[in-house]
Amino acid sequence: MAGETPITVVGNVVADPELRFTPSGAAVANFRMASTPRTFDRTANEWKDGETLFLSVSVWRQQAENVAASLSRGDRVIVVGTLAQRTYDKDGERRASYEVKAEDVGAALKNATATVTKTGASSNAPQGYGQQAPQRPYGAPQGDPWAQQQPSDEPPF
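The structure contained in this document is the topic of the report that follows. (Residues numbered from 1 in each chain as written. Predicted model: local features only at pLDDT ≥ 70, side-chain atom pairs only at ≥ 80, totals over all residues. Heavy atoms only, no water.)

**Side note on the overall build of the protein chain**
Each helix and strand in the protein chain was counted, giving one helix and eight strands. In the protein chain, the succession of α and β elements from N to C terminus is β-β-β-β-β-β-α-β-β. Here the protein chain holds 157 residues, and the buried ones make up 24% of them. Restricting the contact set of the protein chain to residue pairs at least 6 apart, pairs at least 24 apart contribute 53%. Within the structure as shown, the protein chain displays about 11,800 Å² of accessible surface, and the carbon and sulfur contribution to it stands at 49%. (Helix = DSSP H or I, 4+ residues; strand = E, 2+ residues; numbered from the N terminus. Buried < 20%, exposed > 50% of the residue type's maximum accessible area, 1.4 Å probe, protein only. Contact = heavy atoms within 4.5 Å. Areas by Shrake-Rupley, 256 points an atom, 1.4 Å probe, with all protein chains shown as cover.)

Have a look at this one:
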């Protein structure tokens, strides 16, 4: 990672993540996010929005599938990764775009709740897009008979 620019951005997903697969079968999800700084103007006694930063985000492999299945437009996210700049020509004019190559993507829980379902990464069967992971409470040991019981009004004795 020498020479790369680490970055953490908090913002909103602008469009639903798009999941694709490379010819070799690796999953990649791409989405755009917007981050707008807010400052309090004491003279006007109100909050003011700064200029919005739009970034493209790319996520790879199992995390790409998880992002595509979990996030949608409008969701607030925290993205950690490295910042990359791409330059290109459009209409004879040199332009630049910025992309975050995500190492981690998570839902921001300041104003929302989330239910975490651990994927079956430790199981022998590979998890593919659209396949469901085993439905165990997070951290429940395998083979624990109490972890699988349905809630009931009856005491367990």
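**Focus: the nonpolar core**
Membership of the largest hydrophobic core comes to 18 residues, with the highest contact counts inside it found for Phe-31, Met-33, Val-57, Val-59, Val-79 and Val-105. Of all the secondary-structure elements, those providing two or more residues to this core are strand 1 (5–13), strand 3 (27–35), strand 6 (53–60), helix 1 (61–70), strand 7 (76–90) and strand 8 (93–107). When residues of this core are assigned to their parent elements, the largest contribution, four residues, is made by strand 3. Those residues in contact with Phe-31, other than ones at most four positions away along the chain, are Val-13, Ala-15, Pro-17, Leu-55, Ser-56, Val-57, Val-59, Val-67, Val-79 and Val-105. (Core = buried A, V, L, I, M, F, W, Y, C linked by side-chain atoms within 4.5 Å.)

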